[in-house]
Amino acid sequence: MVANIRVPAKFSKKYLNSPVHGNLILNLKNGQEIRTNSVIMSLNSPVIDRLTSELHQSSLEMDDFTAGAVNCFVDSIYTGDVGTLQKQIFEDVNKMSHVFEVSWLTKWCFKFYKRDVLNFTNNSYQEVLFACEIASRAHYNLKQTRYVTCFVKNLMSRDISRKMFLQRYMADFAELSKRQLEMSLSMARNDFSLIMVPLTSHLTMNLKCKNLDKNAMYLLEACDVQKFRQDHPDNFDDAANLLLEISELSECDEVKEVVTKFVRPNSGTEASSSENVVDLVETTEECEDDDEDDSDDEDFPEVSTQTDVEPERGWIQAVDCNTYPLISDNTLQFITTDNEVQRNIFMCVIILYLKKEDVLGDGLQ
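Note that the structure is predicted; figures quoted are calculated from it, not measured.

Chemist: What exactly am I supposed to notice about helix 5 (residues 103–117) here?
Modeler: Residues that lie three or four places apart on an α-helix share one face, since the helix turns once every 3.6 residues. The end-to-end C-alpha distance of helix 5, which contains 15 residues, comes to 20 Å, matching closely the 21 Å that a straight helix rising 1.5 Å per residue would cover. The buried fraction of helix 5 is high, at eleven of 15 residues. Within helix 5, the full set of buried residues consists of Trp-104, Leu-105, Thr-106, Trp-108, Cys-109, Phe-110, Lys-111, Phe-112, Tyr-113, Lys-114 and Val-117. Buried residues along helix 5 sit against helix 1 (38–44), helix 3 (67–79), helix 4 (87–99), helix 6 (125–142) and helix 7 (145–157).

See the structure below:
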């Protein structure tokens, strides 16, 4: 177990790639490597701490990530800053921060996503798509729902048409992955009519109203039919008529079953949406959670000023002097440390004061 030093911290980068201190080798693509110090890495990552101290690993395979992202990840750990983070490598750095459980870096990555990735300069489709796919993969692979929440909120706050974006996002309907289907549902969670536009186009233009493919059935089964019919009765009727026509032409029992459930849902039946679809109503506050206790605007303390005191017992930090009168024209000042020390010193001051005033007499030594 490594010493308890609060991170992020400003370690010296001179220890990087040191033949003496670099006892943990990160193997990159194309035979490249970075020599890091296992203690510095372990202080930031409990995962690396277990791999080195318990499993005695002296190297880690990092070839799943780009060399630039790994260098940024290591640089951030050594400097306590993310100054080298860029949009092009953000996703890999964010993934590493979650894989290796570098908690402070995951918060910084989320802030970077909100401030930089979602900062569209001209609201172009490519800009929005870039942020959309990052949010989708963060949710699908890392179980980070807040990225999707913030993306959709940002989309709506900028008056970017979700309908137009979804039409283009879902244009190649048959090739959409399950992750992309779930992202589409998350963006249009409360308005399935937004999904029906590209879905109808796919059914009529590509499938010629003859069948339902797996993507179409997946979306129809995930739809909250009761809400769709209540909020958009005309759109629902058009969709129902189209699906009934397809059902009559199809010989697949599964297609007929899906259409029947959609057109004539039981009053108590709920949509069987995937657990990976984000409920934006329930997760609205997640976009703001980290702002309350972020310390990114503060200077991180130098390693030389830190101690091995257990974090839960508090860091020893100087605070304002407290003055307690003893007798006239005499005072005692002390600088408090943690609560326990402060209470002990305060009791000593009281005892000295009472003894000085002869309240306790000479019996107390």
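Chemist: Before we go on, may I ask you to explain the packing of helix 13 (residues 233–249) against helix 14 (residues 253–263) in this structure?
Modeler: To describe two helices that pack against each other, one gives the angle between their axes and the distance between the axes. Where helix 13 contacts helix 14, the axes come no closer than 10 Å and their chain directions differ by 155 degrees. Taken together, the axis directions place helix 13 and helix 14 in an arrangement best described as roughly antiparallel. The handedness of the crossing between helix 13 and helix 14 is left-handed. Residues Phe-236, Ala-239, Ala-240, Leu-243, Leu-244, Ser-247 and Glu-248 of helix 13 form the contact with helix 14, whose own contacting residues are Lys-256, Val-259, Phe-262 and Val-263. Here the contact of helix 13 with helix 14 is built from residues that sort into eight nonpolar, one polar and two charged.

Chemist: Mind showing me how you'd approach the side chain of Glu-127 here?
Modeler: Structurally, the position occupied by Glu-127 is in helix 6. For the buried Glu-127, which has no salt bridge, the nearest side chain bearing the opposite charge is Lys-87, at an N-O separation of 5.3 Å. Here Thr-121 takes part through its side chain, which lies 2.8 Å from a polar atom of the side chain of Glu-127. Excluding anything up to four places from it in sequence, Glu-127 contacts Phe-120, Thr-121 and Asn-122.

Chemist: Would you mind showing me how to read the packing of aromatic side chains here?
Modeler: Any pair of aromatic rings gets described here by the distance separating the centres and the angle formed by the planes. Under the counting rule described, the total for this entry stands at 13 aromatic pairs. Through a chain of ring-to-ring contacts, the aromatic side chains of Phe-90, Phe-110, Phe-112, Tyr-113 and Tyr-147 assemble into a single cluster.

Chemist: Before we go on, may I ask you to explain the nonpolar core in this structure?
Modeler: A general tendency of soluble globular proteins is for nonpolar side chains to be buried together. Of all hydrophobic cores here, the largest spans 98 residues; its most connected members are Tyr-113, Phe-151, Tyr-169, Met-187, Leu-212 and Phe-262. Discounting chain neighbours no more than four positions away, the residues touching Tyr-169 are Tyr-125, Leu-129, Cys-132, Glu-133, Leu-176, Arg-179, Gln-180, Met-183, Ser-184 and Met-187.

Chemist: Please clarify how the sheet that holds strand 2 (residues 33–36) should be interpreted in this entry.
Modeler: In any sheet, the strands associate via hydrogen bonds between backbone groups, in a parallel or an antiparallel arrangement. With respect to topology, three strands assemble into an open sheet ordered 2-1-3, the strand pairing being mixed. Two strands lie at the open edges of the sheet, namely strand 2 and strand 3 (59–61), each paired on one side alone. Here the strands of the sheet are splayed against their neighbours by 20 degrees on average, with no regard to which way each runs. Where strand 1 (residues 24–27) and strand 2 come together, four bridges link them in antiparallel fashion. Along strand 2, the bridge assignment pairs Leu-24 with Thr-36. Across the sheet, helix 3 is in contact with strand 1 and strand 2; its angle to strand 2 comes to roughly 10 degrees.

Chemist: Would you mind showing me how to read the pattern of salt bridges here?
Modeler: Any two side chains of opposite charge can pair, on the condition that their charged atoms come close. Per the counting criterion, the structure on display carries eight salt bridges. Between Glu-91 and Arg-137 there is a salt bridge; the shortest N-O distance is 2.4 Å. You can see Glu-91 sitting in helix 4 and its partner Arg-137 sitting in helix 6, a full 46 residues away along the chain. Relative accessible area serves as the criterion here: at 26%, Glu-91 is assigned to the partly exposed category. Judged by relative accessible area, which is 28%, Arg-137 ranks as partly exposed. Linking Glu-133 and Arg-179 is a salt bridge whose minimum nitrogen-to-oxygen distance equals 3.2 Å. A residue pair is termed long-range when its members are at least 10 positions apart, and Glu-133 in helix 6 and Arg-179 in helix 9 (residues 178–187) qualify at 46 residues. Among the residues examined, Glu-133 registers a relative accessible area of 12% and is labelled buried. What makes Arg-179 buried here is its relative accessible area of 14%.

Chemist: Whenever I open this one, unusual backbone geometry confuses me. Can you help?
Modeler: For residues that are not glycine, phi is negative in most cases, and the peptide bond is trans in most cases. Between Val-7 and Pro-8 the backbone carries a cis peptide bond, its omega angle lying at 5 degrees. Inspection of the secondary structure assignment puts Pro-8 in the segment before strand 1. Even without being glycine, Asn-17 reaches a positive phi, approximately 55 degrees. Relative to the elements of secondary structure, Asn-17 occurs in the segment before strand 1. With a phi angle near 55 degrees, Glu-101 is a residue other than glycine that sits in the positive phi range.

Rules and cut-offs
Every chain's residues receive numbers from 1 upward, in the order its sequence appears when written. With pLDDT at 70 or above as the cut-off, local features in this predicted model cover only qualifying residues; side-chain atom pairs require 80 or more to be listed or tallied, and sums for whole chains, interfaces and linings still use all residues. Heavy atoms throughout the structure, all of them, feed into the side-chain values; hydrogens and water do not. Helix numbers and strand numbers start at the N terminus; a helix is a DSSP run of H or I with at least 4 residues, a strand a run of E with at least 2. A helix's residues, less one, multiplied by 1.5 Å, set its expected span. Think of it in three bands: residues with accessible area under 20% of the maximum for their type are buried, residues over 50% are exposed, and the middle band is partly exposed, with areas taken using a 1.4 Å probe on protein chains only. The contact criterion used throughout is that any non-hydrogen atoms of two residues lie within 4.5 Å. Each axis is a line fitted through C-alpha atoms, taken for helices only over the stretch in contact, and angles between the N-to-C directions span 0 to 180 degrees. Angles are sorted into four bins: roughly parallel if under 35 degrees, roughly antiparallel if over 145, roughly perpendicular if 65 to 115, and oblique for all others. Should the near helix be turned anticlockwise from the far one by less than a right angle, the crossing is termed left-handed; should it be turned clockwise, right-handed. Nonpolar residues are Ala, Val, Leu, Ile, Met, Phe, Trp, Tyr, Cys and Pro. Charged residues are Asp, Glu, Lys and Arg, and all others, Gly as well, are polar. Only four residue types enter the charge count: Lys and Arg as positive, Asp and Glu as negative, with His and the chain ends excluded. Salt bridge, as applied in this entry: a Lys or Arg side-chain nitrogen positioned within 4 Å of an Asp or Glu carboxyl oxygen. Polar contact is the term for a pair of N or O atoms within 3.5 Å; when the atoms are in protein, one must be able to donate a hydrogen and the other to accept it, and sequence-neighboring residues count only if both atoms are side-chain atoms. Classification of ring pairs uses Phe, Tyr and Trp, with its six-membered ring standing for Trp, and accepts pairs whose centres are within 6.5 Å; under 30 degrees between planes counts as stacked, over 60 as edge-to-face, and the remaining range as tilted. Buried residues of nine kinds, namely Ala, Val, Leu, Ile, Met, Phe, Trp, Tyr and Cys, make up a nonpolar core once their side-chain atoms join them within 4.5 Å. Between any two strands, at least two bridges found by DSSP are needed for them to pair.

By themselves, these figures tell us nothing about what the structure is for.
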